[in-house]
Structure formats: structure tokens, C-alpha cells
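A closer look at the structure
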Amino acid sequence: LVLFVSMLFLTLLLFFLALFPGAFNCCMKISDEIPRGILRRVEKFELQKADGLCHLEAVILYIESRKFCVSPQIKKVKKWMKKNKHKIPRKKSHSRQRRRMKRIKKKEKKQ
């Protein structure tokens, strides 16, 4: 019985992780201050919205594979984000999707 319960728990845990991969990647605490030295070394950043699995609005700063969670209300951070928009990771569409869209557009032009 103990083996069955533990296997059931493990299966449910794996199922949960498959459905919600970002569940354990949320910022739980944010800093209200950030030194300029850290902002200078940021490689990329993401915006965390307070919806879905993450219940806190934050800016996630990545420096050398570490992440720092800061408040999006900090003036210094707002100014820095406007200046460094190119550091936001972009999701690329799959090449198959892009080719399909090109074909659809060509068909529309012919008609």
C-alpha cells in the first residue's frame, strides 16, 4: 500500500510539472533597491506578471546564470528597461509555421 501511494504521488508530481513547467520558476520575493553595478552586468531580463501561477509582479534580471527579482516600480529599473529593450528574450516562431504563413500570404495575393 505504501509503495502504491508513493508511486501515485510521484506520478501526480510529474504530471503537474509537465503541465505547469514555470510553476517553480516564479519570483517569491522582490527587492525594492538595486545597485547600478548589477544593472550594468545584466545579460537579459524578463517581466513576470501577477497572473496564472506567479502571484507577484516582478522584473527578473539574469546575470551569469543567476537571477535577481526586483520590483518593476523602481525608477532606476524602469529607465534601464526602456533603454535596454533589446535584452528581452524573444520567442521565435517555428520555421514550419513561418513557411506556412508565407504560403498563405502568397495564396492571398494571387486571389
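Residues numbered from 1 in each chain as written. Predicted model: local features only at pLDDT ≥ 70, side-chain atom pairs only at ≥ 80, totals over all residues. Heavy atoms only, no water.

1. Some words on the state of the cysteines
Worth spelling out the cut-off: For this text, the term disulfide refers to a pair of cysteine sulfurs within 2.5 Å. Here a strand is any run of E in DSSP of at least two residues, a helix any run of H or I of at least four, and the numbering for each starts at the N terminus. Classification of residues uses two cut-offs on accessible area relative to the type maximum, computed with a 1.4 Å probe and protein chains only: under 20% is buried, over 50% is exposed, and between them is partly exposed.
Summed over the entire model, instances satisfying the criterion amount to two disulfides. Linked covalently through their sulfurs, cysteine 26 and cysteine 54 form a disulfide whose S-S length is 1.9 Å. Where cysteine 26 bonds to cysteine 54 through sulfur, the torsion about that S-S bond is close to -70°, and the disulfide is left-handed. Pair noted here: cysteine 26 is in the loop between α1 (2–19) and α2 (36–41) and cysteine 54 is in the loop between β1 (44–48) and β2 (58–63), with a separation of 28 residues, a long-range link. For the pair cysteine 26 and cysteine 54, one class covers both residues: buried. Two residues share a disulfide in this structure: cysteine 27 and cysteine 69, whose sulfurs sit 2.0 Å from each other. Sign of the S-S torsion, about -70° for the bond between cysteine 27 and cysteine 69, identifies this disulfide as left-handed.

2. Some remarks on the pairing of strand β3 (residues 66–70)
Test applied: Any two strands with at least two DSSP bridges between them are considered paired.
Across five bridges, the pairing between β2 and β3 is antiparallel. Residue pairing in the sheet places isoleucine 63 in a bridge with arginine 66 of β3. Between β2 and β3, which follow one another and run antiparallel, lie two residues, and glutamate 64 among them has a positive phi close to 50°.

3. Remarks on the nonpolar core
Taken as a class, soluble globular proteins show a tendency for nonpolar side chains to be buried jointly. Where we set the bar: Here, nonpolar core means buried Ala, Val, Leu, Ile, Met, Phe, Trp, Tyr and Cys residues that are tied together by side-chain atoms lying within 4.5 Å of each other. By definition in these notes, contact holds between two residues if any of their heavy atoms fall within 4.5 Å.
Counting residues in each nonpolar core, the largest one holds 13 residues, and the members touching the most others are Ile34, Val59, Leu61, Val70, Val77 and Trp80. Of all elements in the fold, only α2, β2 and α3 (75–83) reach the threshold of two or more residues within this core. Excluding residues that lie within four positions of it along the chain, valine 77 makes contacts with Ile34, Val59, Val70 and Ser71. In this structure, Cys27, Ala58, Tyr62 and Cys69 belong to the second largest nonpolar core, which totals five residues.

4. Thoughts on a positive patch on the surface
What counts here: Residues enter patches when their relative accessible area tops 30% and they take part in no salt bridge; the joining distance is 9 Å for like charges and 5 Å for the nonpolar side chains Val, Leu, Ile, Met, Phe, Trp and Tyr. Note on areas: Shrake-Rupley, 1.4 Å probe, and residue coverage restricted to the protein chains presented here. We define a salt bridge as a contact between a side-chain nitrogen of Lys or Arg and a carboxyl oxygen of Asp or Glu at a distance within 4 Å. In this count, Lys and Arg are taken as positive residues and Asp and Glu as negative ones, while His and the chain termini are left out. The atoms used to mark charge sites are NZ of Lys, CZ of Arg, CG of Asp and CD of Glu.
Residues Arg36, Arg40, Lys79 and Lys83 make up a contiguous surface patch of positive charge. Examined against the element boundaries, lysine 79 turns out to sit in helix α3.

5. Thoughts on the sheet that holds β3
Cut-off, in case you're wondering: Each axis is a line fitted through C-alpha atoms, and for a helix only the stretch in contact is used; angles between axes span 0 to 180 degrees, taken between their N-to-C directions.
One open sheet holds the three strands; their spatial order is β1-β2-β3, and the pairing between them is antiparallel. Unpaired on one side and paired on the other, β1 and β3 mark the two borders of the sheet. For this sheet, the mean inter-axis angle between neighbouring strands, taken without regard to orientation, is 25°.

6. Details of the environment of glutamate 33
Along the chain, glutamate 33 turns up in the loop between α1 and α2. Classification of glutamate 33 as exposed rests on a relative accessible area of 67%. A C-alpha to C-alpha distance of 7.2 Å links glutamate 33 and isoleucine 74, two positions 41 residues apart in sequence.

7. What to know about the side chain of asparagine 84
Note the cut-off: Two N or O atoms form a polar contact when they lie within 3.5 Å of each other; inside protein one atom must be a possible hydrogen donor and the other a possible acceptor, and for residues adjacent in sequence the pair counts only when both atoms belong to side chains.
Topologically, asparagine 84 is positioned in the loop between α3 and α4 (95–110). A distance of 2.8 Å separates the side chain of asparagine 84 from the backbone oxygen of tryptophan 80, its partner in a polar contact.

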